[in-house]
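Residue strings, one per chain:
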Amino acid sequence: MSENLKYVGNPNSKAADGIEKILGKAKYVGDMTLPGMLYAKLLTSPVPHAKIVELDVKPALAVEGVKAVITADDFVDHGFFGWPVKDMYVLAYQKVRYVGDPIAVVAAESEAAAAAGVAAIKLKLEELPVVSDMHKALDPDAALVPLEPQIGDGNLLVTHLVRNGDPEPILAECDVVVDESYNFQAQEHGYIETEGVFAIPEPGGTVVVFANDQSPHINRDNTAGMLGLPAEAVRVIQPPVGGSFGGKDDHVYQFTGQAAKLALITGRPVRLVLTREESLATSYKRAAAHAHLKIGMSKDGVIRAAKTEYLADSGAYASQTPLSAWRASMHLAGAYRYEAATVDTKAVYTNNGYAGAFRGFGNTQAAAASEVAIDELAARIGMDPIEFRLKNCLRTGDKAFTGNTIDHEAGLTQCLEWVRDQSGWAEKREALGFKTGDDVLKGIGVACYFHGSGLGGEGTDYARITLTVERDHSVTLQSGLTDYGQGSRTVFTLIAAESLGVTPERIVMLRPDTDTALETGPTVASRASIVGGNATKVTAGKLVQKLNMAAADLLGCSLEQINRHGEDFIGPNEEPLAIEAVIDHAFAMGLQMSSQGYWQIPVIHWDFEKGTGTPYYTYSFGAQVAQVEVAKATGKIQVTSVWASHDGGKIIFPKGAHGQLMGGITQGLGYALTEGFSYKDGYPQKKNLKEYHLPTSLDVPEMETHFVETNLAEGPFGAKNLAEPVMIAIAPAIANAVFHATTVRCRDFPISADWLKSQLG
Amino acid sequence: MEVTFKLNGETVTCPVTTKSTLLRLLRDELKLTGTKNGCEHGDCGACSVIVDGKLEKSCIYPARNLDGKEVLTIEGVSNSDGTPSDLQQAFLDAGATQCGYCTPGMIMAGEALLLKNNNPTRQDIREAISENLCRCTGYQQIVDAIQATAKSRLNGGAK
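Cut-offs and rules
- Residues numbered from 1 in each chain as written.
- Chains lettered and ligands numbered in written order.
- Predicted model: local features only at pLDDT ≥ 70, side-chain atom pairs only at ≥ 80, totals over all residues.
- Helix = DSSP H or I, 4+ residues; strand = E, 2+ residues; numbered from the N terminus.
- Rg over C-alpha atoms; globule rule 2.2 N^0.38 Å.
- Buried ≥ 20, exposed ≤ 12 C-beta atoms within 10 Å, placed from the backbone.
- Contact = placed C-beta atoms within 7 Å.
- Domains from an automatic or database assignment.
- Nonpolar A, V, L, I, M, F, W, Y, C, P; charged D, E, K, R; others polar.
- Axes fitted to C-alpha atoms, helices over the stretch in contact; angles between N-to-C directions.
- Parallel < 35°, antiparallel > 145°, perpendicular 65-115°, else oblique.
- Left-handed = near helix turned anticlockwise from the far one by under 90°.
- Pairing = 2+ DSSP bridges.
- Core = buried A, V, L, I, M, F, W, Y, C linked by C-beta atoms within 7 Å.

1. Some points on the overall build of chain A
The number of helices and strands found in chain A is 18 helices and 33 strands. A compact globule built from 761 residues would reach a C-alpha radius of gyration of about 27 Å, and chain A, at 27 Å, matches this within 12%. Expressed along its principal axes, the backbone C-alpha trace of chain A runs to roughly 80 × 75 × 50 Å. Each of the 761 residues in chain A was classed as buried or not, and the buried ones make up 60%. At a minimum sequence separation of 6, the contacts of chain A that also span at least 24 residues come to 80%.

What follows is the structure in structure tokens.
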């Protein structure tokens, strides 16, 4: 970019909301208390699948301190909700479908009274046959998980396809074909703050809910619908959120509806904060999945065709699986050129805990499968894995396997070259690698990725922002786009400061609030920086015009004659005019010093029926290298170094971006090695953080991170997305490094140390 | 029963039960919510505080053991004028806080380390924070922040 930027891209910029967090003053929802508040507690299902034969809440109401108990019967249409598929209830209706399915909620004077109330509820369940294996969910004799079949028959939730030519005849003439299956367990988001809501009834029958969700406007609309109230009667405010990673939407909508109802019934504030055990059992996960990839190439290492299949376990409810399975489909053959490729995807219902949105959104599984497969192809002809990728990977102007052209600048080759050069790749591929007799086996591996920007074919991708110049000369910024740790508040603040020509300190970003922020779509798909950033720029442009009008009026010159020096306005006489004077004059002129702006990603079209079209208007790219040590005696893998390069376009908030990159890698490292949320006959096998191992500071190595700053003309100051894609390459990079170290090919994630040990003899 | 202890430099006396934990006492009774509740089983470290110079998980620390102890929480780490301490500021400067929920516990873990080791290696720091889970940052910028503070204190920087 030719612009001389002051705040955008400044390496010294700090988190705009960081000060309250380091001081311990940030009030998360569980930190809030109010006089007269009640505490809510959930009754959840102890079994994976059962008919609710009896649900009698009267004994709970007799418990001292209990003020109200609610079930699905207390809501309009039993609290039926869900998007894109409507199949969930605010509380279980007619039957329970997974262990942890919420059934009733008690509100009481104390946590202890609420727990006693839950224990007193009379619940009689008649157990039904359990569907726990996604591969058997479509068997003719499988029990039906949803109340009604979603599409066609039985437990089929959704299908997706990609049709780009016919790979079969090409595969038949390929010199080398890899034909393998890859399996992925579910993953828990592991936000350190559990889910929580705090509902406050207001005079006149309206209700305010503080909820640690991602998308307050969607939450408001769902809640209003369940309660039978107009949207204006429900106000959702987002307090600081202690991590989400895609994980605090659908079930937080349930909790919001529940707490709002209890508050309206009792006339008292009601707080519902989950325990860690409730959170692990009740919350949705990254979908367990199975991928089958058949990829062929010529003997000189030119990839030619892919025929692939993908199966996702959506568990008890659809949540976002129809869309994450679509994103998986759009990435399943990886960031490479093909003569022909097809994808056939299915998602199914089971009685496992349900799957929903999680950072990477289907591409985590898709990229892991394809990047191990690509490594297998390179190994089959003895070609260096990075050289093989550079030979076949997508460059500007190439066609993706989905058939669309990469018509924006693609930085994938630069990312691969950076991790190669920075890691000392060539020397380490020589020096490390399997050696019989070694107790500690060492290796180095690579993986790369592309990741479609924004919602793509999932929906209209837009944002609205409001900027207001206040009489105290501060500027308030309002957005319904939220920050749950990923840094969007800082990104918007920096873009607003840059665009308005004011210091970031002058900008005050209000909390997302459905009563005051404009409806702006969900905060998902790593889209906030692009759509929200652009909307901020558009809005700032309108305010700058007003400020310039006031300055020109004061200086007696034309708008075109106004120049800016820092915050000052300079007219033809070169005398600087302070912004405070300009703002005061603007108010004196009667100008309305508030503006709203809208920005939408250019429209693309994907034909879901035919499996053709353009899934995304652009992509971000990246490459990661992992170095590992495997203890032969135990099979334990230690990642000792990581190098990561991401093409995210212009980096707006560098410290935050590097933090996102390293945090994503850490989440992917856990996905590869220590996590894995599995079910046995529908029962979750891990119930707390002792059993579910999030990576610690000792599991994660020092990382070298880097950005390739290509320019996306449509992005704010040239920015692309980064929060999600940065987590997806590390799992396959680790698996590929383990192959280098041990000659054992890992195709199941997480990689079990016991299994690896058994392979090492 | 009652316990009397020093909390962030002030003497406090509180009624406690055999079941009360320090975390619940701080958050529910004393309204000091800077100390976070992440799991209430000692697995995540979000509730970390310093008791008699030692890092403790307040969620599994029995309140009845507090008599005569000195407790330091995130609220007591800041300078007396309410501005951030050097370590708190270093977290902000290094980009070590994202969602912020682990941040108070991490800062306490850093302080506890620096109390006993004024010149820690990066590995020392990683070990000192190894029972404090962070899901956002990947820990590296947290290590940077604690290391930068150690260096600045060694060079005579104000605490």
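2. A look at the domain arrangement of chain B
Residue and element names in this part refer to chain B. According to the domain assignment, chain B consists of domain 1 (2-77) and domain 2 (86-154). Computed over C-alpha atoms only, the centres of domain 1 and domain 2 are separated by 21 Å. Tallying the contact residues gives 15 residues for domain 1 and 14 residues for domain 2. Elements that contribute at least two residues to the side of domain 1 that touches domain 2 include exactly β3 (48-51), β4 (54-57) and α2 (74-77). Partitioning the side of domain 1 that touches domain 2 into residue classes produces eight nonpolar, five polar and two charged.

3. Quick look at the interface of chain B and chain A
Counting from both sides, the interface comprises 40 residues of chain B and, opposite them, 46 residues of chain A. Those elements that place two or more of their residues in the side of chain B that touches chain A are α2, α3 (86-94), α4 (103-116), α5 (122-128) and α6 (140-154) of chain B. When residues of the side of chain B that touches chain A are assigned to their parent elements, the largest contribution, four residues, is made by α3 of chain B. Taken together, the residues that form the side of chain B that touches chain A break down as 16 nonpolar, 17 polar and seven charged.

4. Notes on the packing of helix α16 (residues 654-673) of chain A against helix α17 (residues 730-742) of chain A
Residues and elements named next belong to chain A. Running from amino to carboxyl end, α16 crosses α17 at an angle of 50°, the nearest separation of the two axes being 8 Å. Taken together, the axes of α16 and α17 lie oblique to each other. Here α16 and α17 pass one another in a crossing that is right-handed. When α16 is examined against α17, the residues I665, G668, L669, Y671, A672 and L673 are found in contact with a partner set consisting of I730, A731, I734 and A735. Classifying every residue of the contact of α16 with α17 by side-chain character gives nine nonpolar, one polar and no charged.

5. Comments concerning the environment of L669 of chain A
Residue and element names in this part refer to chain A. Position of L669 among the secondary structure elements: in helix α16. A count of 27 C-beta atoms within 10 Å places L669 in the buried class. Those residues in contact with L669 that lie beyond four places of it in its chain are V639, P695, D699, V700, I730 and I734.

6. Points about the sheet that holds strand β14 (residues 270-273) of chain A
Residue and element names in this part refer to chain A. Strand order in the open sheet formed by seven strands is β3-β7-β1-β14-β11-β12-β13, and the pairing between neighbours is mixed. Each edge of the sheet is formed by a strand with only one pairing partner; in this case those strands are β3 (66-70) and β13 (234-237). Averaged over neighbouring strand pairs, the angle between their axes works out to 20° when direction is ignored. Bridge count between strand β1 (residues 38-44) and strand β7 (residues 102-108): six bridges; the pairing is antiparallel. Across the sheet, A40 pairs through a bridge with A107, a residue of β7.

7. A short note on the nonpolar core
Across soluble globular proteins, nonpolar side chains have a tendency to be buried as a group. Residues and elements named next belong to chain A. Counting 299 residues, the largest nonpolar core has A259 and I734 as its most contacted members. At 10 residues, helix α14 (residues 528-555) tops the list of elements feeding residues into this core. In this view, I734 contacts G445, A626, V628, I637, V639, L669, A672 and L673; residues no more than four positions away in its chain are not counted.

8. Quick word on the packing of helix α9 (residues 363-380) of chain A against α17 of chain A
Residues and elements named next belong to chain A. The N-to-C vectors of α9 and α17 enclose an angle of 30°; their axes lie 8 Å apart at closest approach. Our classification of the angle between α9 and α17 gives roughly parallel. α17 is crossed by α9, and the crossing has right-handed handedness. Contacts between α9 and α17 pair A367, A368, E371, V372 and D375 from the former with A731, P732, A735, N736 and F739 from the latter. Considered class by class, the residues forming the contact of α9 with α17 number seven nonpolar, one polar and two charged.

9. Notes on the domain arrangement of chain A
All names here are of chain A. What the domain assignment lists for chain A is domain 1 (37-128 + 195-273), domain 2 (288-456 + 607-759) and domain 3 (462-600). If you average the C-alpha positions of domain 1 and of domain 2, the two centres end up 37 Å apart. Taken together, the contact pairs 17 residues of domain 1 with 20 residues of domain 2. For the side of domain 1 that touches domain 2, the class distribution of residues is seven nonpolar, five polar and five charged.

10. With respect to the sheet that holds strand β21 (residues 507-509) of chain A
Residue and element names in this part refer to chain A. The mixed open sheet is built from four strands, whose spatial order is β21-β20-β19-β25. Looking along the sheet, the strands with just one partner apiece sit at the ends: β21 and β25 (594-600). Averaged over all adjacent pairs, the angle separating strand axes in this sheet is 25°, with direction ignored. With five bridges joining them, strand β19 (residues 462-469) and strand β20 (residues 475-479) adopt antiparallel strand pairing.

11. So, the pairing of β1 of chain A
Counting buried positions along β1 of chain A gives seven out of seven residues, so the element sits mostly inside the fold. By the alternation rule, side chains of β1 of chain A split into L38, A40, L42 and T44 of chain A and Y39, K41 and L43 of chain A, which are all buried.

12. Re the pairing of β3 of chain B
Consecutive side chains along a regular strand alternate between the two faces of the sheet. Residues and elements named next belong to chain B. When β3 meets β4, the two strands line up antiparallel, connected through four bridges. Bridge assignment links I50 to a residue of β4, and that residue is L55. Relative to strand β5 (residues 70-72), β3 is paired through two bridges, and the arrangement is antiparallel. Note that in β5 the partner of V51 across the bridge is V71.

13. Topic: unusual backbone geometry
Residues and elements named next belong to chain A. Look at the link from W83 to P84: it is a cis peptide, with omega at 5°. Within the fold, P84 resides in the loop between β4 (80-81) and β5 (88-89). Put simply, F749 and P750 share a cis peptide bond, and its omega is -5°. As for its position among the elements, P750 is in the loop between β33 (748-749) and α18 (753-759).

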